[in-house]
Amino acid sequence: MNRVILTGGSGFIGRHLIQYLQQFNDLELILVLRRALPTPLPAQVKQVVISDFRDEQAWESVLQAGDQVIHLAG
């Protein structure tokens, strides 16, 4: 199973990327967001982390959980 960390999933590009990634069955998404998404999340989203990007401790634990990072925030 490939675990991808995605920042910026609540933005325009992030929302469309999540829709695109739904076609891959061997993919698990870890979303890192500033606030929760109001919409239902697809099955590939296994974890949602609500965090400020300046929180170094939160980032360390998130980065250890994934295999790849797609950074769309900021």
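Residues numbered from 1 in each chain as written. Predicted model: local features only at pLDDT ≥ 70, side-chain atom pairs only at ≥ 80, totals over all residues. Heavy atoms only, no water.

Further remarks concern the packing of aromatic side chains. The full count for this structure, using the stated rule, is one aromatic pair. Taken together, a centroid distance of 5.6 Å and an interplanar angle of 70 degrees make the contact between tyrosine 20 and phenylalanine 24 edge-to-face. Judged by relative accessible area, which is 49%, tyrosine 20 ranks as partly exposed. (Phe/Tyr/Trp six-rings, centres within 6.5 Å; stacked < 30°, edge-to-face > 60°. Buried < 20%, exposed > 50% of the residue type's maximum accessible area, 1.4 Å probe, protein only.)

Mean pLDDT over the protein: 87, with 100% of residues reaching 70 or higher. Looking across the protein, the model is least confident in helix H2 (residues 56–65), with a mean pLDDT of 84, and most confident in strand S4 (residues 68–71), with 94. (pLDDT = per-residue confidence, 0-100. Helix = DSSP H or I, 4+ residues; strand = E, 2+ residues; numbered from the N terminus.)

A separate point is the environment of isoleucine 5. The topology assignment puts isoleucine 5 in strand S1 (residues 2–7). Between the C-alpha atoms of isoleucine 5 and phenylalanine 24, which are 19 residues apart in sequence, the distance is 15 Å.

Attention now goes to the side chain of glutamate 28. On the secondary structure map, glutamate 28 appears in strand S2 (residues 27–33). Note on glutamate 28: relative accessible area 15%, which makes it buried. Within the structure, glutamate 28 has its side chain in polar contact with the side chain of arginine 3 (distance 2.7 Å). Look past the residues within four positions of glutamate 28 in its chain and what remains in contact with it is Met1, Asn2, Arg3, Val4, Gln44 and Lys46. (Polar contact = N/O pair within 3.5 Å; in protein donor to acceptor, adjacent residues only side chain to side chain. Contact = heavy atoms within 4.5 Å.)

Turning our attention to the pairing of S1. The side chains of a regular strand alternate between the sheet's two faces. Relative to S2, S1 is paired through six bridges, and the arrangement is parallel. Paired with threonine 7 across the two strands is valine 32, which belongs to S2. Note on the crossover from S1 through helix H1 (residues 12–21) to S2: the handedness is right-handed. With four bridges connecting them, S1 and S4 associate as parallel partners. Residue pairing in the sheet places threonine 7 in a bridge with histidine 71 of S4. (Pairing = 2+ DSSP bridges. Right-handed = clockwise from strand over helix to strand, strands pointing away.)

For the rest of this paragraph, the subject is the layout of surface pockets. The volume enclosed by the largest pocket comes to roughly 230 Å³. Lining of the largest pocket is provided by Ser10, Arg15, His16, Ile18, Gln19, Gln22, Leu37, Pro38, Thr39, Pro40, Leu41 and Pro42. Residues that form the lining of the largest pocket fall into these classes: six nonpolar, five polar and one charged. (1 Å grid on protein atoms, 1.4 Å probe; cavity = no way out; pocket = protein on both sides within 12 Å on 5 of 7 lines; lining within 4 Å. Points joined across faces, edges and corners; volume = space filled by probe spheres on them. Nonpolar A, V, L, I, M, F, W, Y, C, P; charged D, E, K, R; others polar.)

Taken together, the four strands give an open sheet; going across it, the order is S3-S2-S1-S4, and neighbouring strands pair in parallel fashion. If you trace the sheet from one side to the other, it starts and ends with strand S3 (45–50) and S4, each paired once. Strand after strand, the sheet turns through a mean of 20 degrees between neighbouring axes, direction not considered. Its contacts with the sheet place H2 against S1, S2, S3 and S4, and it is angled at close to 145 degrees to S1. (Axes fitted to C-alpha atoms, helices over the stretch in contact; angles between N-to-C directions.)

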